[in-house]
Number of protein chains: 4
Amino acid sequence: MIKAGIIGATGYAGSELIRLLMGHKNVEIKWYGSKSYKDKRYYEVYQNFFHFTDDKCLDDNLNKLSDEVDVIFTATPQGFCSSQINEEILSKTKVIDLSADFRIKDVDIYEEWYGINHENPKFIDEAVYGLCEINRDKIKNARLIANPGCYPTCTILSIYPLLKEGLIDINNIIVDAKSGVTGAGRSAKTDNLFCEVSENIKAYGLTNHRHTPEIEEQLSYAAGQNLIINFTPHLIPMNRGILITAYSSLIKETSYEDLKNIYKKYYKNEKFIRLLDDDIFPQTKWVQGSNFVDINFKIDKRTNRIIIIGAMDNLVKGAAGQAIQNMNIMFGLEEHEGLYNVPMFP
Amino acid sequence: MIKAGIIGATGYAGSELIRLLMGHKNVEIKWYGSKSYKDKRYYEVYQNFFHFTDDKCLDDNLNKLSDEVDVIFTATPQGFCSSQINEEILSKTKVIDLSADFRIKDVDIYEEWYGINHENPKFIDEAVYGLCEINRDKIKNARLIANPGCYPTCTILSIYPLLKEGLIDINNIIVDAKSGVTGAGRSAKTDNLFCEVSENIKAYGLTNHRHTPEIEEQLSYAAGQNLIINFTPHLIPMNRGILITAYSSLIKETSYEDLKNIYKKYYKNEKFIRLLDDDIFPQTKWVQGSNFVDINFKIDKRTNRIIIIGAMDNLVKGAAGQAIQNMNIMFGLEEHEGLYNVPMFP
Amino acid sequence: MIKAGIIGATGYAGSELIRLLMGHKNVEIKWYGSKSYKDKRYYEVYQNFFHFTDDKCLDDNLNKLSDEVDVIFTATPQGFCSSQINEEILSKTKVIDLSADFRIKDVDIYEEWYGINHENPKFIDEAVYGLCEINRDKIKNARLIANPGCYPTCTILSIYPLLKEGLIDINNIIVDAKSGVTGAGRSAKTDNLFCEVSENIKAYGLTNHRHTPEIEEQLSYAAGQNLIINFTPHLIPMNRGILITAYSSLIKETSYEDLKNIYKKYYKNEKFIRLLDDDIFPQTKWVQGSNFVDINFKIDKRTNRIIIIGAMDNLVKGAAGQAIQNMNIMFGLEEHEGLYNVPMFP
Amino acid sequence: MIKAGIIGATGYAGSELIRLLMGHKNVEIKWYGSKSYKDKRYYEVYQNFFHFTDDKCLDDNLNKLSDEVDVIFTATPQGFCSSQINEEILSKTKVIDLSADFRIKDVDIYEEWYGINHENPKFIDEAVYGLCEINRDKIKNARLIANPGCYPTCTILSIYPLLKEGLIDINNIIVDAKSGVTGAGRSAKTDNLFCEVSENIKAYGLTNHRHTPEIEEQLSYAAGQNLIINFTPHLIPMNRGILITAYSSLIKETSYEDLKNIYKKYYKNEKFIRLLDDDIFPQTKWVQGSNFVDINFKIDKRTNRIIIIGAMDNLVKGAAGQAIQNMNIMFGLEEHEGLYNVPMFP
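Q: In this structure, what is going on with the overall build of chain A? I would like to understand it.
A: Across its full length, chain A holds 12 helices and 13 strands. Compactness check: chain A gives a C-alpha radius of gyration of 20 Å against a globular reference of 20 Å for 346 residues, within 12% of the reference. If one aligns the C-alpha atoms of chain A with their principal axes, the spans along those axes are about 60 × 45 × 40 Å. Looking at the 346 residues of chain A, the share that counts as buried comes to 61%.

Q: For this particular structure, what's the right way to read the relation of the copies chain D and chain A?
A: In this structure, two copies of a chain are linked by a rotation about an axis accompanied by a shift along it. Overlaying chain D on chain A yields an RMSD of 0.0 Å, the required transformation being a rotation through 180 degrees with an accompanying axial translation of 0.0 Å. This pairing of chains is accounted for by a two-fold axis. Considering only C-alpha atoms, the residue of chain D closest to the rotation axis is Pro237(D), which sits at 3.2 Å. A share of 100% of the interface residues of chain D reappears at the interface of chain A, consistent with the copies meeting face to face through the same patch.

Q: How should I be thinking about the sheet that holds strand E3 (residues 71–74) of chain C in this particular structure?
A: Strands pair in a sheet through their backbones, by hydrogen bonds, and they do so in one of two ways: parallel or antiparallel. Residue and element names in this part refer to chain C. Strand order in the open sheet formed by six strands is E2-E1-E3-E4-E6-E5, with parallel pairing between adjacent strands. This sheet does not close on itself; its edge strands, each paired only once, are strand E2 (27–33) and strand E5 (128–129). Bridge count between E5 and strand E6 (residues 144–146): two bridges; the pairing is parallel. Of the residues in E6, the one forming a bridge with Val128 is Ile145.

Q: Is there a simple way to think about the packing of helix H1 (residues 12–22) of chain C against helix H12 (residues 316–330) of chain C in this case?
A: A pair of packed helices is captured by two measures, namely the crossing angle of their axes and the spacing between those axes. All names here are of chain C. Closest axis-to-axis distance for the H1/H12 pair is 9 Å, and the angle between their directions is 45 degrees. The angle between the axes of H1 and H12 places the two elements in the oblique class. Between H1 and H12 lies a crossing whose hand is right-handed. Across from Ala13, Glu16, Leu17, Leu20 and Leu21 in H1, the residues of H12 making contact are Val316, Ala319, Ala320, Gly321, Ala323 and Ile324. Along the lines of polarity and charge, the residues of the contact of H1 with H12 split into nine nonpolar, one polar and one charged.

Q: Quick question: what am I supposed to make of the interface of chain D and chain A here?
A: When the parts come together, some accessible area is lost, and that loss is often what is quoted as the size of the interface. Taken together, the contact pairs 37 residues of chain D with 37 residues of chain A. Sorting the residues of the side of chain D that touches chain A by element identifies strand E7 (174–179), helix H9 (194–197), strand E8 (202–203), strand E9 (230–235), strand E10 (242–249), strand E12 (293–300) and strand E13 (305–312) of chain D as the ones contributing at least two each. Split into classes, the residues belonging to the side of chain D that touches chain A amount to 15 nonpolar, 12 polar and 10 charged.

Q: Sorry, what's going on with the interface of chain A and chain B here?
A: Counting residues at the interface gives 26 residues for chain A, matched by 26 residues for chain B. The element that contributes the greatest number of residues to the side of chain A that touches chain B is helix H1 (residues 12–22) of chain A, accounting for four residues.

Q: Would you explain the domain arrangement of chain A in this entry?
A: Residues and elements named next belong to chain A. By domain assignment, chain A separates into domain 1 (2–126) and domain 2 (151–314). A C-alpha centroid distance of 27 Å is found between domain 1 and domain 2. Facing the nine residues of domain 1 at the interface are seven residues of domain 2. No other element matches helix H6 (residues 107–114), which puts three residues into the side of domain 1 that touches domain 2. Each residue belonging to the side of domain 1 that touches domain 2 can be placed in one class, and the counts come to six nonpolar, one polar and two charged.

Q: For this particular structure, what's the right way to read the sheet that holds strand E1 (residues 2–7) of chain A?
A: Residue and element names in this part refer to chain A. Spatially, the six strands line up as an open sheet ordered E2-E1-E3-E4-E6-E5, and their pairing is parallel. With one partner strand each, in any of the chains shown, strand E2 (27–33) and strand E5 (128–129) form the two edges of the open sheet. Across four bridges, strand E3 (residues 71–74) lies against strand E4 (residues 94–97) in parallel orientation. Along E4, the bridge assignment pairs Val71 with Lys94. Running at roughly 160 degrees to E1, H1 makes contact with E1, E2 and E3 of the sheet.

Q: Any chance you could explain helix H10 (residues 211–223) of chain C here in plain terms?
A: Helical geometry note: an α-helix holds 3.6 residues per turn, so side chains three or four residues apart project in the same direction. Residue and element names in this part refer to chain C. Between its first and last C-alpha, H10 extends 18 Å over 13 residues, near the 18 Å set by a 1.5 Å rise per residue. Within H10 the residues assigned to the buried category are His211, Thr212, Pro213, Glu214, Ile215, Glu216, Gln218 and Leu219. Lining the buried residues of H10 we find helix H6 (107–114), E5, helix H8 (150–164) and strand E9 (230–235). Count one or two residues on from H10 and you reach Gly224, which has phi positive near 80 degrees.

Q: Please clarify how the pairing of strand E2 (residues 27–33) of chain D should be interpreted in this entry.
A: Regular strands show a simple pattern: their side chains alternate between the two faces of the sheet. All names here are of chain D. Counting buried positions along E2 yields five of seven residues, so the element is predominantly enclosed. By the bridge criterion, six bridges tie strand E1 (residues 2–7) to E2 in an arrangement that is parallel. Looking across to E2, one finds that Ala4 is bridged to Ile29. Each parallel crossover has a hand, and the one from E1 via helix H1 (residues 12–22) to E2 is right-handed.

Q: Whenever I open this one, unusual backbone geometry confuses me. Can you help?
A: For residues that are not glycine, phi is negative in most cases, and the peptide bond is trans in most cases. With an omega dihedral of -5 degrees, the bond running from Phe345(A) to Pro346(A) counts as a cis peptide bond. In this structure, His51(C) is a non-glycine residue whose phi angle is positive, near 80 degrees. Classification of His51(C) as partly exposed rests on a count of 17 C-beta atoms within 10 Å. The backbone phi angle of Asn304(C) is positive, close to 60 degrees, even though this residue is not glycine. Within the element layout of this structure, Asn304(C) appears in the loop between strand E12 (293–300) and strand E13 (305–312).

Q: Help me out: how do you make sense of the pairing of E1(D) in this one?
A: The sheet contact formed by E1(D) and strand E3 (residues 71–74) of chain D spans four bridges and is parallel. Bridge pairing links Ile7(D) to Thr74(D) in E3(D).

Q: How should I be thinking about the environment of Asp278(D) in this particular structure?
A: Residues and elements named next belong to chain D. As for its position among the elements, Asp278 is in the loop between strand E11 (273–275) and E12. By the C-beta count within 10 Å, which is 10 here, Asp278 ends up exposed. Along the sequence, Asp278 and Ile229 sit 49 residues apart, while their C-alpha atoms lie 27 Å from each other.

Q: What is the right way to read the environment of Lys264(A) from this model?
A: Residues and elements named next belong to chain A. By secondary structure assignment, the location of Lys264 is in helix H11 (residues 256–267). A tally of 12 C-beta atoms within 10 Å means that Lys264 is categorised as exposed. Spatially, the C-alpha atoms of Lys264 and Asp176 are 24 Å apart, while their sequence positions differ by 88 residues.

Q: When you look at the nonpolar core in this model, what are you seeing that I'm missing?
A: Most often, soluble globular proteins have nonpolar side chains that are buried together. Ile6(A), Ile6(B), Ile6(C) and Ile6(D) are the most contacted members of the largest nonpolar core, which totals 452 residues. Setting aside anything within four residues of it in sequence, one finds Ile6(A) in contact with Gly14(A), Leu17(A), Ile18(A), Ile29(A), Trp31(A), Tyr32(A), Gly33(A), Phe73(A) and Ala75(A).

Q: Could you clarify how one ought to interpret helix H12 (residues 316–330) of chain B in this entry?
A: Residues and elements named next belong to chain B. Here H12 contains 15 residues, and its C-alpha end-to-end distance of 18 Å is more than 12% below the 21 Å for a straight helix at 1.5 Å per residue. The axis of H12 is deflected most strongly, by about 45 degrees, at Gln322. Most of H12 sits out of view: 15 of its 15 residues are buried. In the stretch just after H12, Gly332 is the one whose phi turns positive, near 70 degrees.

What counts, and where the lines are drawn
- The residue numbering used here restarts from 1 in each chain and proceeds along that chain's sequence as written.
- To label them, take the chains in the order written and letter them from A, then take the ligands in the order written and number them from 1.
- Only residues with pLDDT of at least 70 are given local features in this predicted model, and only at 80 or more are side-chain atom pairs given and counted; all residues enter the totals for whole chains, interfaces and linings.
- Counting from the N terminus, the helices are the DSSP runs of H or I reaching at least four residues and the strands are the DSSP runs of E reaching at least two.
- Restricting the calculation to C-alpha atoms gives the radius of gyration, and the globule rule supplies 2.2 Å times the number of residues raised to the power 0.38.
- Buried means a residue has 20 or more other C-beta atoms within 10 Å of its own C-beta, exposed means 12 or fewer, and partly exposed covers the counts in between; C-beta atoms are placed from the backbone.
- Here the copies were fitted onto each other by least squares, based on C-alpha atoms from residues at pLDDT of at least 70 in both.
- Whether two residues are in contact depends on their C-beta atoms, placed from the backbone: they are in contact if these lie within 7 Å.
- Only strands that DSSP links by at least two bridges are regarded as paired with each other.
- Axes here refer to lines fitted to C-alpha atoms; in helices the fit is confined to the stretch in contact. Angles between the N-to-C directions go from 0 to 180 degrees.
- Just so you know how the angles are binned, under 35 degrees is roughly parallel, over 145 roughly antiparallel, 65 to 115 roughly perpendicular, and the rest oblique.
- Definitions for this section: a left-handed crossing has its near helix turned counterclockwise from the far helix by less than a right angle. A right-handed crossing has that turn clockwise.
- Residues are grouped as follows: Ala, Val, Leu, Ile, Met, Phe, Trp, Tyr, Cys and Pro are nonpolar; Asp, Glu, Lys and Arg are charged; all remaining types, including Gly, are polar.
- Domain start and stop positions are those given by an automatic or database domain assignment.
- Helix span, expected: 1.5 Å multiplied by one less than the number of residues in the helix.
- With its strands directed away from the observer, a crossover is right-handed exactly when the path from the first strand over the helix to the second travels clockwise.
- Note on terminology: a nonpolar core is a set of buried residues of type Ala, Val, Leu, Ile, Met, Phe, Trp, Tyr or Cys, with members joined through C-beta atoms within 7 Å.
- Fitting axes to the seven residues ending at a residue and to the seven starting there, one defines the bend at that residue as the angle between these axes.

As structure tokens, then:
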């Protein structure tokens, strides 16, 4: 059994990690780390776990934890993991960081967009960007995984084949994204109250959302050259789910079938990517509670643009599920172990 | 492997059955029965099943189906199962009927409350009311299970110990129930449109909801004498979940602890009943997607009344989950096989 | 023009007061009181008011305010109004208090249920309980109005005629109430986050909700003798609306028509009470944004119980609308001035 | 008093028309036309109107109606108004058509995108596109108004000044739109059931939504040359509201302030357009129930793109409210008569 510790266990991503790990036959949870709820039973924070564990929340001491577990998940605010990590920890245990600390290779960009100092830039190079479908080989031997952000996961996987094959105009990429409210976390803010969110939609983070440089970096790797995009997220009155609607222009006239074949070339063996049938477009509800990313696209012959739509559950493939998928790869398990479940509908 | 066929596979309860059965290691689904979607691929009706099955929907021929499977689930409108069932079918296969056809022992009451003729009353006696926690022994050898209604399951399990022990006034039982919209089914009715249901709550079926006699019959067995109740269901703007708030009077002064011990006496070994800690009251979200019934109660010293609260997922313990629990018992499997999962929150 | 000042202008009830007062042809708002948002423009707190006012939020100095306005609305936490009120203020201006400070005549009961000291019990006697349909005459000449609570308004108006006429058993009154989330206010609490409330229903305040003694006191006046009830509120995933489902037993056999005539006797001239047609039961969406209370009931012949259903908008008739209705009465205006609008649906 | 008749009174737009007209001091509703609910009392179809009218639904005979009223609103499916309209009707009464029949000047484009024959193309020329802020002068003397579509209203008003002044690249306009479910109407379709829509977001009508040519035609007028766009609508789990997020490129470097001044030049006297403060972006909840369009934008210096956001209530400014605004102009009333109300929040 793999012994796992979770730091930040009482956030929504942390609790989803625990829910999924409890259904994973090779994992045993040894540590429910939560500074805010220390000494409280975990199920008292999330009553859905009643009868599944009586364990109490523990502190967030990474050093101590690294003696006791095989893998540490940090589902913590930006800056925490980078401030704690050190060689000794990494020599004893694998670390999968769900924060943004090690996602961006250029530390200046990280510091500029996140507005904080990176306290351990020396580990940035070593960290592997844990987008499983694309970096699978590097993940296998990694000690430190930078688990991708939710918007980046959905966006990059939806567009990747088109950029990799040079089929779209890299100067014209617009990503209009929509997310459920779990993406905003569990801290008590007026803006996230039921009465403010329900019956409402708003854009936020216009031109400066922090997932922008993460998306750009990864898409640039795919394109083989630097690109910048427009990224506009919106808050939707639902709990889970991200849907991205991406727009670009086709370099040359191509048929839907040809492009679909390109997507299949990259994804046909991927367990967690579903290329929907022609003219069936992703809906967040079809992936709820699962690790899938559903993708399809349509060509607008009139404008020569392509519209690509991707959907996934932000807490699963966008956070906890992908973290476990990374763990599975790192520990040599079946990649879909504990993750291959039918989405819950309705 | 148990071969299973589902008639009514394209309703919400049917689709939940299929979702849960796909996660059950001892079951293979052989028949997706749906008159309305015959010849259409199942995943085209519910895209969450994309990549899980390519099977097409088949008709609803119980006779033919009984040659091919070990167990038939009928998640069909009232009157269907009773019109089709016969000795030959039952001699070849187990039948778990999710409709109300065989739940009520007195056929006159059935016909009065449901307003239809019962076409096969001769099988009513044989049918076992599949409330697993209470009728487990009879279920083991049953050929025909009347899977309990959603409101009855939640109500009966929440009150049962109090009646069994003669602790409450049987002339004063009021059940005020609240249900999510999946309980209303998937047929296209104006009343169930998003714009009619959201931002709204209403009572319905006042004094004549068809689950009333079912609840009364089972509670009467528990009490050892006939009783009648008031039952008022309400429609809540959410997908899943039933919460019942039951009111009665205590026969004599009793402490919370004493009553809690009574509940424990009946339920302490039950996998799917969770007696919450003192002063923690059930919420539907804590059981979402799971087979649990969460229960707690409070004594009002001022009025000498007891208020009992129960919550469960209407599609799982209130329909598909309990049907599978029945199947597990009938086939000698672990009762919680394929059903013991952490509820999904949020 | 009546000059009005609002203390607590940035809560949900306060903002609804301002929305309604802006549509009132006889009122001019002179004071947007809000300690938390002092010096911020009001529309910056609630952007729906953009272009309607550029005024800034002011402090909560009742003494100063009483020099400048004809009527003060206090939409403030319990304890505020009672701590500030004095003879001088009341000699200069009318006060309509939306908090519970002056609702309960027995100060001991207030202090017990609210857990705070009442700092000005001497004004309790003078204060008029502002349930307009019942206390209209006293309201006319009042200086200090205790604006009724949301649950009490809906409950009392729904049951009043039955008690006044001695038709139901006063020892058997159970009120099962359901409220939208605006009732919980705008302060940032984890429990009221979208992700905690949506797809969820829960009971709260079991046996000890603070509206209980308020309801009991008023129902006792109606019955002419002291009575106690069971009151259980539930939180519903919607913004606005309260629905109450009340249960009692009929003293003697009575027909629906006879009881309907009793209701008509009391309410036939009431602008804001709608007795729905036979077998049409109230839904919160039918009163959204309006000052109506919709009422109907059904007799269960089997159990000899009567089930009464009432619905209203908790922010309007349950708070701001009723406060304005009180103001209209106090200032000799048409009682429905500024309040008689078609509810918004959907 | 203006006598008004509504055909299609029992759809959501029709019922919103009636709600707003009942608050309009110069209008008397004489005709509640509804083929599907003929002879039923209007309030029985929409109980929010209980006590406001006892009138029954009548048929949809435009000829007869034109003898009785001064203005006819047709809130009917495409093809109805164009099939009924004739010179005699127009000689007796004003017609405001909320369908698309007379919005598009090129009948071939209408027939291609809508897939139906236009039965009265001869009136297309005469019909005035009722986007009040832009075509006010023509509306004054019109007999037949083509009331704009919901998406077109929000989109055109949000972008208009930029095109009129030639500030953005007309070859690069992308409109990503989000709408509440009332936009889908009240007919009973599985896709619009609560359980299908809640907790879900989807794109629909990709590259072929019928509002596309309407938007393009009007934007082309503004630009002074033909342009085509990409338009992608999404369905959001809320009742009311449209938010559009439009993307284009700036022709030359311009500051936010300069562009804001351009917007002010066009809109500073417009009652129903609110240009939000810097860095405050529209939210649908801020305009709920009102006739406002809220607009703001942001320049992305990195990509030289401008992102424009507009929000409005699809049933009000996107349908019924704008229809009344047109009526006000046509009858020489104050343009905002009956329409200038504070949006309802929450």
